[in-house]
Amino acid sequence: MSPSKKPPRILNATMEARRPEGAGVQPDNRWNDLEEKIRLAEADYEDACRQTRTGEKRKKETKEEIEDLEEAKRDHLVCSALLKGVSRFDRLNPQKLIQLIAGFSIMTPEQLGWDTSMKIYRFHSDEDPAHADVKPSYEVATQFQDQLQVNQSRYEIHWVIDVEEAGNTEQYVTVSTVSAIRSAEICSRATIVFEVIKFKERRDPKRTYALKRYWRPIHADDAELHPTEGAIYKQFDDRLAINGDEVRPKRPKHALASHDIMVNGIPDDTLESIRRGLTSERHKKAIAPLDPLILETDPDAENRLDKEPTARLQTAPREPVNRCHTQILMPMGIVIKLFSSLYELICCLIDCIAGHQEAHDVFFTLHRDVSSGNLLIFHSLDGDGTTFGRLIDYDHAKQARSAKLVRDPKEPLSDDQLATMRSIFQVLFPLQQLEVNKDVLNEACTWLQNPLTAANYILAVVAQYFPDIAPKSIVDITKLAWKIPDPHRKWPDWQARRARSTVERTGTLPYMSAEVIQGDYIVPKGNVEMPSFAHEAIHDLESFLWVLVRICLTRQGPGINAYRDELIEESPKYAPDIAATVQKYFQTEDSSALSHAKASVMKRPMEFENIINHFHPYFNPLKDLVLSRLYSEFFDIHECILGLLKNIRPSLKDLTENDAAREIDRRKKLEQKRLATFSPKRAETPSSSSAGPGLD
């Protein structure tokens, strides 16, 4: 088929190539299939050539088929190159194609996309410690296949990784992969977490660490409002260094090292280092400047509402988020679902919420992604086996530039004003005949100014959270769980940081507040005019609640392998009603349905009893605690929840739990196993592990 029969096509005309290089194009199934078809067609053509004139038509058809297949193979090669960052190749210009292939052959591993800060380590029990078998992954994959399976599970490969600490490079080697579920998602942070030890101490390590590697968004517009996770941890650790002697149990730093990964002295980022400025038409800047709220809000929000339709993410043209390859070295923790006792579970929740409050009140920092994977149990530095809880993963956090006074001091209501307020109650709600305490009236009027508005708000709260209140009951500060806050206390001002749409809320879907998913306030309102919606501390505290609820619904005791039998379909104990509850509130992929279910619970707290009734009997001591959580006031949220948790803690300390010792022993054995990974004689320990996905 001659070139004149088909005009040249420019593939992907919306792309602009700014460099001749591209990543290597490897043969794949499609390529091999085309080559096989060409081979068969060529054999058919040669057979036709050996025949008489009756084979001329067949020769012509076979030759055209071969040309079409060759053209398809060229197009496939060019398209593969385009996917790697090269565009505008004329399929009929072989000189450019040869230039591309030659370019691949002279590019360095860094240019081809390999991360040269990490290499594969193949352990040999008789190795010379001074000559360890450490090779780049591309060399291992091509030259040492007899010793390393290329398709080996990512949870089993050991990596030697360079970490910058105080100006020096320290090497760490992985002993397990803690989390790699989203490590291959190229449109998000692609986070991967390893458990590591110091490479030079691998024969006799003292402790393990957690090494988190991910692609953090770069906020060129205002780095002060978008500090890196490492910068946030430095703020926490600087304060810990000052007050550390007063904190018990004694705690390690949040981050032992934090830095961007460098390639040839240049930060490894997606825009300059990888794409070299390559962009596409649909991501170009709008001609007119966008509203500041849209530019500033949550440019790092990457649609954490899992599995939403991609089309909903492209409602407005905007630049792609530039991301920088970053790593953080931290102490090694234990996910909270592997608690050893109810007492440890509640103590760690108290520590995590107290840490959240300190970040919020002292540093004006809001976490925004509270989930079960971000609440960890750590061993203290006291060496006595005590543990504490810590909230981690502040890579979605936001900081406020300013704060405002929580309340404006105001003179108490006069007797005449109090009488007016009480008359309002009698007119609006004559049947209840509620006796509202003077302190409640004063507090409501301090916030809401207008007596009628204040009265409506109080009644909305009572109707919302205390629908069964008896007539003539006294409504006081204690019943409403209100506290009179410090008049000098300041609250972060998030109103200039609204998210641009409900699609781009930040959080982990199963634990997100219904208000955050919907992007609007749900309860209570009364006749109060609410400000524009913003993700606030109360929403993170609701996420803490959902973490605890999911643990109570899905676990049947402490430690590993405690996934509830009633949720396993193959189990004779399988309970469809319990499984349906878990599905409804935690496992649905429909964010709208999840938001509706959670909002319904928040609007009608009595519905929450249906969830609590499905708790495993092991968690019966926590039922009243969880139910009482449903009501709390906006500014007192931390104190309210911490008070509830601290009140129940003493009653849990003396509970007899036979499984607690088993879990503590398991932790010790697992740690010993990790530390013995590269010992000359590997330790033989039970193969229990918390790494990787599973039901445990």
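What you are looking at is a predicted structure, and each value in this text was computed from that prediction instead of being measured.

Conventions adopted
Residues numbered from 1 in each chain as written. Predicted model: local features only at pLDDT ≥ 70, side-chain atom pairs only at ≥ 80, totals over all residues. Heavy atoms only, no water. Pairing = 2+ DSSP bridges. Helix = DSSP H or I, 4+ residues; strand = E, 2+ residues; numbered from the N terminus. Contact = heavy atoms within 4.5 Å. Axes fitted to C-alpha atoms, helices over the stretch in contact; angles between N-to-C directions. Salt bridge = Lys/Arg side-chain N within 4 Å of Asp/Glu carboxyl O. Buried < 20%, exposed > 50% of the residue type's maximum accessible area, 1.4 Å probe, protein only. Parallel < 35°, antiparallel > 145°, perpendicular 65-115°, else oblique. Phe/Tyr/Trp six-rings, centres within 6.5 Å; stacked < 30°, edge-to-face > 60°. Lys NZ or Arg CZ within 6 Å of the ring centre and 35° of its normal.

A. Representation of the pairing of strand β3 (residues 159-165). The pairing of strand β1 (residues 118-121) with β3 spans three bridges and is classified as antiparallel. Across the sheet, the residue bridging to I120 is W159, located in β3. Looking at chain direction, β3 and strand β4 (residues 168-179) are connected through six bridges and run antiparallel. Paired with I161 across the strands is Y172, a residue of β4.

B. Up close: the sheet that holds β1. Here eight strands make up an open sheet; going across it, the order is β2-β1-β3-β4-β5-β6-β10-β7 and the pairing antiparallel. Looking at strand neighbours, the two that pair on one side only are β2 (134-135) and β7 (257-260), the edges of this open sheet. Taken together, the two bridges between β1 and β2 define a ladder with antiparallel strand orientation. Each bridged residue has a counterpart across the sheet, and for I120 the counterpart in β2 is K135. The strands touched by helix α5 (residues 229-243) within the sheet are β6 (209-217), β7 and β10 (323-331), with β10 carrying the most contacts at an inclination of about 35°.

C. How the structure looks around the side chain of T365. The residue T365 is located in strand β12 (residues 365-366) in this model. Apart from residues lying up to four places away in sequence, T365 is in contact with I232, Q235, A359, H360, Y394, A397, K398, Q399 and W494.

D. Fine view of the pattern of salt bridges. Tallied over the entire structure, the rule returns 20 salt bridges. A salt bridge links R122 to D133; the shortest N-O distance between them is 2.7 Å. With R122 in the loop between β1 and β2 and D133 in the loop between β1 and β2, this pair connects stretches of sequence that are 11 residues apart. In this pair, the class of R122 matches that of D133, namely buried. Residues E344 and R667 are paired through a salt bridge, measuring 2.8 Å at the closest nitrogen-oxygen approach. Of this pair, E344 sits in helix α8 (residues 342-363) while R667 sits in helix α20 (residues 658-675); the two residues are 323 residues apart in sequence, bridging distant segments of the chain. The pair E344 / R667 is uniform in exposure class, with both members buried. Residues participating in the shared-partner salt-bridge network are K212, E229, D393 and D395.

E. Local environment of the packing of α5 against α8. The geometry of α5 relative to α8 is characterised by a closest axis approach of 12 Å and an angle of 95° between their N-to-C directions. By the angle between their axes, α5 is roughly perpendicular relative to α8. Of α8, the residues touching α5 (which contributes Q235, F236 and R239) are E358, A359, V362 and F363.

F. Geometry of the packing of aromatic side chains. On inspection of all chains with the given rule, the structure shows 17 aromatic pairs. Measuring from ring centre to ring centre gives 5.6 Å for Y172 and Y209, while their planes differ by 80°; the resulting arrangement is edge-to-face. Residue Y172 is located in strand β4, and its partner Y209 is located in strand β6; the two are separated by 37 residues in the primary sequence. For the pair Y172 and Y209, a shared accessibility class is recorded, and that class is buried. Counting every residue linked through ring pairs, the aromatic cluster contains Y511, W546, Y585, F586 and F608. Sitting over the ring of Y214, K212 keeps its end group 4.6 Å from the ring centre. The side chain of R390 reaches across the aromatic face of F378, ending 5.6 Å from its centre.

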